[in-house]
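Observations on chain architecture
Here's the letter readout for the chains.
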Amino acid sequence: MKISSSTSKQSQDRYICILLVLVLVGSAFQNVKVIGPLNPGHLFALCFIPFLLPKFREAKFPPAVICIFLAYILCVSLFAGFQWGLNTSIINYLFVFYIIFFIVNLGRNISFESYKKVFQVAGILSFAIVILNAIRYKNAILAYFSSGYYINHPYYPTIFGGGANLEASWPSIYGVFFMDSPYGIIYLVLSFIFASIQVSRAGIIISLICLAIYAYKRLRESKKPFLILFLIFVTLSFGSFYALKLGIFQPILDRFFRNQEDRGAAGRVGIYDSALPFLCNHPFGVGLGNAVSAVNRVAANTVGMEPIVDDNLHNLFLQMTVETGVLGGVFYACLVAFLCFNCIFKHKFANPFENFLLAFFALSLIQFEKIEIFPAICLGILLSKKYYSYKDFDL
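Report on the accompanying structure. For clarity, every value in this text was computed on a predicted model and none was experimentally measured. (Residues numbered from 1 in each chain as written. Predicted model: local features only at pLDDT ≥ 70, side-chain atom pairs only at ≥ 80, totals over all residues. Heavy atoms only, no water.)

1. Side note on a nonpolar patch on the surface
Together, Y183, I186, V189, L190, I193 and I197 line one region of the surface with nonpolar side chains, adding up to about 550 Å² of accessible area. Secondary-structure assignment places I197 in helix α9 (residues 184–197). (Patch = residues over 30% accessible without salt bridge, like charges linked within 9 Å, V, L, I, M, F, W, Y side chains within 5 Å. Areas by Shrake-Rupley, 256 points an atom, 1.4 Å probe, with all protein chains shown as cover. Salt bridge = Lys/Arg side-chain N within 4 Å of Asp/Glu carboxyl O. Helix = DSSP H or I, 4+ residues; strand = E, 2+ residues; numbered from the N terminus.)

Structural data, given as structure tokens:
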């Protein structure tokens, strides 16, 4: 009986890992809606329910701080809904809690190493998808670089449904799971090159963060850190010289430094100029997903206030604060600060799932509109292992 039970648990864990790969790859298509607000990742996540139902009576809730945060932002959204309406983003946050709840209860027996392989497989698959799509539209990319006009991105039908930034960001952020692999540097370099080809600031920044963490880890492990620093310096010098000679850097430099001519940078400045005054006048929140519509409703009746033409505020902290109020923004900031402090100072980038959260939160300052399934899975994994349970404190 014990052998049979053990075999059954191993089979269940294997199915869970396979489903997690599908959830991760499907969630990259975050703007591709299959049913209502649900993307492929949400639909694959529903397949966890049969595993959860038999043990639902024995289930444990995630730590109180997570439950309180969810309850608070849902209450704010429900009360704000009387004035600003209800948005389907509420469903996304229910899915985030559902993912954490599932992994905390059924993912305890899966090792960190197995989870890391899940993310590596998902990263390779996601990267392969965008590379094949880029190869398909290689003429559009080559035309962009030969045009001499480097503002914005190469334009072609991206497969993840969110433009060049998403196409470059997801492969780059998966780099944290390849840092301990003998050939991990190959993935990191390739993702950086791809982000550069997409001329994606978000992808380039996240790739550089991953490369910096990789260099830090190698330096800590090495008995000859100065030799590694010298090799990094020589490699960067030759690579930069070759890139400058070919003019490859020019589109990237234009994206970073010609901000007034770049619609992405100038648009973000305009968004912040409208959102910050709105927040001062509406400090209690407008409900999840309502940030842009609420700001635009006020802008329509306010002289000198420009409406927001994008679908989000391009800063997750600002988005959370406008939607859930100043208290919600402070709550979110404290949670992020706690996770980042542990990653950088306490654990010194030792855990790839913490590194993923750090990279996501860094990228969210310019990229995301809501907490995605990706960080929910990472946080659920860390909580399932009681990673933040100390002698006098338990998250």
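2. Overview of helix α6 (residues 112–136)
Structural remark: α-helix, 3.6 residues per turn; residues separated by three or four positions point the same way. With 25 residues, α6 should reach 36 Å at 1.5 Å per residue; the first-to-last C-alpha distance of 36 Å fits that figure. Three or more residues of α6 are buried, namely Y115, K116, V118, F119, Q120, A122, G123, S126, F127, V130, N133 and A134. (Expected span 1.5 Å × (residues − 1). Buried < 20%, exposed > 50% of the residue type's maximum accessible area, 1.4 Å probe, protein only.)

3. Regarding the environment of I124
Topologically, I124 is positioned in helix α6. Placed 63 residues apart in sequence, I124 and Y187 show a C-alpha to C-alpha distance of 8.7 Å.

4. Focus on the pattern of salt bridges
This structure, assessed with the given rule, holds five salt bridges. Among the ionic pairs, D180 bridges to K116, the shortest N-O distance being 3.9 Å. Of this pair, D180 sits in the loop between α8 (163–173) and α9 while K116 is found in helix α6, placing the two residues 64 residues apart along the sequence. Exposure remark for D180: the relative accessible area of 43% places this residue in the partly exposed category. Three or more residues joined by partner-sharing salt bridges are found here, namely E113, K116, D180, K217 and R218.

5. Some thoughts on the packing of aromatic side chains
In total, this model carries 27 aromatic pairs according to the counting rule given. Arranged with centres 4.9 Å apart and planes meeting at 80°, the rings of F29 and F160 form a pair that is edge-to-face. Of this pair, F29 sits in the loop between α1 (2–27) and α2 (40–45) while F160 sits in the loop between α7 (138–147) and α8, placing them 131 residues apart in sequence. Aromatic side chains F177 and F356 sit 5.6 Å apart centroid to centroid with 40° between the ring planes, which places their arrangement in the tilted category. Of the two residues, F177 sits in the loop between α8 and α9 while F356 sits in helix α16 (residues 352–363), which places them 179 residues apart along the sequence. (Phe/Tyr/Trp six-rings, centres within 6.5 Å; stacked < 30°, edge-to-face > 60°.)

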